[in-house]
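# Structural overview for review
As a plain string of letters, each chain reads:
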Amino acid sequence: MKQTKRSLFVCQNCGQENAKWLGRCPSCNSWNSFVEEIRTKTKESKRSSSIATQPVLLSKVPLIDKLRQPTRIKELDQVLGGGIVPGSIILIGGEPGIGKSTLTMQIANNITEEKDKSVLYVSGEESIEQIKLRSERLAVKNENIYLLAENELENILAQIDAIKPSLVIIDSIQAIYSDNLSSSPGSVGQVRECTAEILRRIKREQDVRPSVIIIGHITKFGAIAGPKTLEHIVDVVLYFEGDKFQQYRVLRATKNRFGSTQEIGIFEMSDSGLVGVDSPSLLFISHARAKTTTKTVGSVVIPTIEGTRPILLEVQALAAPSYFNYPQRVTTGLDIRRLAMLLCVLERHCGMNIGNHDIFLNTSGGLKITEPGGDLGVACAIASTYRNKPIASGIAIVGEVSLSGEIRPVVQMKNRINECAKMGFNQIIGPDYTMKKEIKGKANIKTIGITTVSEALEVLGIR
Ligand code: TYD
Ligand code: MG
């Protein structure tokens, strides 16, 4: 065997490598992110042919859907597409304190409900006593959960070999380092190489492959350290979002080799761990918003769709004449460029002189509007605050706004109408086309179809 050493500079944000130090990364444009790493490469003379894999007949490959291991946490299973696929690597990212360790401990508990399953929980950050404390809180009773407070990758791999668990949890990958690399723990090189080494170790196993959950911290830019390099190594990437000062958390998949990335899971942090939320609409609209007859200025409820699930969301807008040369546009939960477009539509097609107004826009709980179906609701909320005319409470509004001020159809209208009816709304305003196509008068709600933004404002009496 021959060993070679070479020095490389690696961008700590995106993993870009360069032979020389650079002030700015050409790949991700971040400044001063290159750090020197020494690579030691061991050249093995020749690969032995015994480890080469053999081709398999497609018809003989078992269906993974049958092998999936449900975590029995309903919200999580929904995001994963039914459960954890054996031999897969799942990356869970999120800010500190959001509940990653809590969720993984609950998974460990549920998996070990079955007798022959075992879990190895590797913590590089907390002591065994701290983990025990958490498990007490979560009322973890099952045996077969092994705890390991260890930072060195080689020792962890040895323990995986010895215990042969069905699931390995690494909390967190930034705290793990390999002795074969000279870069410091948490650097992109270490994070990537450790993950790749774990992957190699897992895929080597022939029959029962352990699944691995890797926890990754998020950098202050909102990316998992070494994101590009890690995201293509692993099979599933989940992000835990939400405000740690609020009760609920949203679990979102940004990559899933075994399912859709459309579904989200909604949890509430309780005294005894994370609990799935069955009726998320109640979380995001102020209570009793639907039923009362009170009228609020600048507030609109939008039936949005997350995956296959309708969620009612409340947006609030505030407009006031600006005292600056450049009026302020501040949004939470909506893309600022989308807002700019809607403001322009209101100005050009609805005759509102809104360009010299400061605009503030919030979604309830900070949940993001990711689909264009939220457009019309946002436009109506702004019009309502600008005209200082209230919108009655029992009304929900949905529709995509085009540049010409027309309303485009939205998907899954039936779902949205049913959710609104279920939550006690008595009217829904939406695209004429989809309204006509979908159930009419079936649900216990009045449906009003419109074709332009001005028509919607007309109906609401805020034109
Ligand atoms: P934690 O899972 O340690 O977050 P992370 O691993 O993502 O950093 O816990 C997050 C917070 O949740 C922590 O501040 C304590 C709180 N918590 C509860 O409110 N209830 C509980 O049952 C547990 C275990 C934690
Ligand atoms: Mg933690």
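In this report, the structure presented in the accompanying data block is examined.

## Digging into the overall build of the chain
Secondary structure assignment for the chain yields 13 helices and 23 strands. Per-residue burial over the chain gives 51% buried out of 463 residues. For the chain, the share of sequence-separated contacts (at least 6 apart) that also reach a separation of at least 24 residues comes to 67%. For the chain, the computed accessible surface area is about 23,000 Å², with 51% contributed by carbon and sulfur atoms.

## Considerations on empty space enclosed by the protein
Gaps left between atoms show up when a probe the size of a water molecule is rolled over them. Taken as a whole and assessed by the stated rule, the structure comprises 1 cavity of 30 Å³ or more. For the largest cavity, the calculated volume is near 30 Å³. What lines the largest cavity is simply Leu 80, Gly 83, Ile 84, Val 85, Ser 88, Ile 90, Val 236, Asn 256 and Phe 258. Here the lining of the largest cavity is built from residues that sort into 6 nonpolar, 3 polar and no charged.

## Some details on the packing of helix 10 (residues 375-387) against helix 13 (residues 453-460)
One way to put it is that helix 10 packs onto helix 13 with a least axis distance of 11 Å and a crossing angle of 55 degrees. Put simply, helix 10 runs oblique to helix 13. When the axes of helix 10 and helix 13 are compared, the crossing they make is right-handed. Residue-level contacts link Leu 376, Cys 380 and Ala 383 of helix 10 to Val 453, Ala 456, Leu 457 and Leu 460 of helix 13. When its residues are assigned to classes, the contact of helix 10 with helix 13 shows 7 nonpolar, no polar and no charged.

## Focus: helix 10
Compared with the 18 Å implied by 1.5 Å per residue over 13 residues, the 18 Å span of helix 10 between its first and last C-alpha is a close match. Along helix 10, 11 of the 13 residues are buried, which leaves the element largely enclosed by surrounding structure.

## Structural notes on the sheet that holds strand 5 (residues 119-123)
Strand pairs in the sheet, formed through backbone hydrogen bonds, run parallel or antiparallel to each other. Overall, mixed pairing links the 9 strands, which are arranged 6-5-7-8-4-9-10-11-12 in an open sheet. Of all the strands in the sheet, the pair left with one neighbour each is strand 6 (145-149) and strand 12 (273-276). Direction aside, the axes of adjacent strands within the sheet are offset by 25 degrees on average. Helix-sheet contacts for helix 3 (residues 100-111) involve strand 4 (89-94), strand 5, strand 6, strand 7 (167-171), strand 8 (211-217), strand 9 (236-241), strand 10 (248-256), strand 11 (264-270) and strand 12, and the interaxial angle to strand 8 is about 170 degrees. Along the sheet face, helix 6 (residues 188-204) touches strand 4, strand 7 and strand 8 and points at about 175 degrees away from the line of strand 8.

## A closer look at the packing of helix 5 (residues 153-163) against helix 6
Interhelical geometry of helix 5 versus helix 6 gives an angle of 20 degrees and a closest axis separation of 11 Å. Here helix 5 lies roughly parallel to helix 6, going by the angle between them. Handedness of the crossing formed by helix 5 with helix 6: right-handed. Across the interface between the two elements, Leu 153, Leu 157, Ile 160 and Asp 161 of helix 5 pack against Cys 194, Glu 197, Ile 198, Arg 201 and Arg 204 of helix 6. Classifying every residue of the contact of helix 5 with helix 6 by side-chain character gives 5 nonpolar, no polar and 4 charged.

## Digging into the site of ligand 1
With respect to spatial proximity, 16 residues lie near ligand 1, and among them Gly 97, Lys 100, Ser 101, Thr 102 and Gly 273 are the closest. In the environment of ligand 1, an oxygen atom lies 2.7 Å from a nitrogen or oxygen atom belonging to the backbone of Gly 273. For ligand 1, the accessible surface in isolation is 560 Å², of which the surrounding protein chains cover 75%. In a pocket analysis with a 2 Å cut-off to the grid points, ligand 1 is assigned to the second largest pocket. Contributions of two or more residues to the shell around ligand 1 are made by helix 3, helix 4 (128-137) and strand 11. Ranked by residues supplied to the shell around ligand 1, first place goes to helix 3 with 3 residues. Grouping the constituent residues of the shell around ligand 1 by class yields 4 nonpolar, 7 polar and 5 charged.

## Details of the pairing of strand 11
Bridge count for strand 10 against strand 11 is 5 bridges, and the pairing is antiparallel. Across the sheet, the residue bridging to Arg 249 is Phe 267, located in strand 11. The sheet contact formed by strand 11 and strand 12 spans 4 bridges and is antiparallel. Looking at strand 12, one finds that Phe 267 is bridged to Gly 276.

## Considering the layout of surface pockets
One number sums up the size of the second largest pocket: a volume of about 300 Å³. Per-class residue counts for the lining of the second largest pocket are 4 nonpolar, 8 polar and 7 charged.

## Here we look at unusual backbone geometry
In this structure, Ser 172 follows Asp 171 across a cis peptide bond, with omega equal to -5 degrees. Position of Ser 172 relative to the elements: it lies in the loop between strand 7 and helix 6. Phi angles above zero are rare outside glycine, and Arg 72 is one such case at about 60 degrees. For Arg 72, the location among the structural elements is in the loop between helix 1 (64-67) and helix 2 (74-80). The class for Arg 72 is partly exposed, based on a relative accessible area of 46%. Phi is positive for Gln 412, close to 50 degrees, though the residue is something other than glycine. Topologically, Gln 412 is positioned in the loop between strand 21 (407-408) and helix 11 (413-422).

## What to know about the nonpolar core
If you look at soluble globular proteins, the nonpolar side chains tend to sit buried side by side. Ranked by size, the top nonpolar core spans 47 residues in total, and within it Leu 346, Leu 376, Val 378, Cys 380, Ile 382, Val 453 and Leu 457 carry the most contacts. A total of 7 residues in this core trace back to one element, the largest contributor, which is helix 10. In terms of domain composition, this core takes at least three residues from each of domain 2 (66-278) and domain 3 (284-460). Beyond its immediate sequence surroundings of up to four residues, Leu 376 is in contact with Ile 397, Val 398, Gly 399, Val 401, Ile 407, Ile 450, Val 453 and Ala 456.

## Examining the pattern of salt bridges
In the structure shown here, the tally under the stated rule is 16 salt bridges. Its salt-bridge partner being Glu 17, residue Arg 192 comes within 3.1 Å of it at the nearest N-O pair. Of the two residues, Arg 192 is situated in helix 6 and Glu 17 in strand 2 (residues 17-18); the sequence distance between them amounts to 175 residues. Its relative accessible area of 11% is what places Arg 192 among the buried residues. Taking the relative accessible area as the measure of exposure, Glu 17 reaches 33% and is therefore partly exposed. Overlapping salt bridges bring together Arg 72, Glu 114 and Lys 117 as one network.

The rules behind each value
- Residues numbered from 1 in each chain as written.
- Chains lettered and ligands numbered in written order.
- Predicted model: local features only at pLDDT ≥ 70, side-chain atom pairs only at ≥ 80, totals over all residues.
- Heavy atoms only, no water.
- Helix = DSSP H or I, 4+ residues; strand = E, 2+ residues; numbered from the N terminus.
- Buried < 20%, exposed > 50% of the residue type's maximum accessible area, 1.4 Å probe, protein only.
- Contact = heavy atoms within 4.5 Å.
- Areas by Shrake-Rupley, 256 points an atom, 1.4 Å probe, with all protein chains shown as cover.
- 1 Å grid on protein atoms, 1.4 Å probe; cavity = no way out; pocket = protein on both sides within 12 Å on 5 of 7 lines; lining within 4 Å.
- Points joined across faces, edges and corners; volume = space filled by probe spheres on them.
- Nonpolar A, V, L, I, M, F, W, Y, C, P; charged D, E, K, R; others polar.
- Axes fitted to C-alpha atoms, helices over the stretch in contact; angles between N-to-C directions.
- Parallel < 35°, antiparallel > 145°, perpendicular 65-115°, else oblique.
- Left-handed = near helix turned anticlockwise from the far one by under 90°.
- Expected span 1.5 Å × (residues − 1).
- Pairing = 2+ DSSP bridges.
- Near = heavy atom within 4 Å.
- Polar contact = N/O pair within 3.5 Å; in protein donor to acceptor, adjacent residues only side chain to side chain.
- Sits in = over half its atoms within 2 Å of the grid points.
- Core = buried A, V, L, I, M, F, W, Y, C linked by side-chain atoms within 4.5 Å.
- Domains from an automatic or database assignment.
- Salt bridge = Lys/Arg side-chain N within 4 Å of Asp/Glu carboxyl O.

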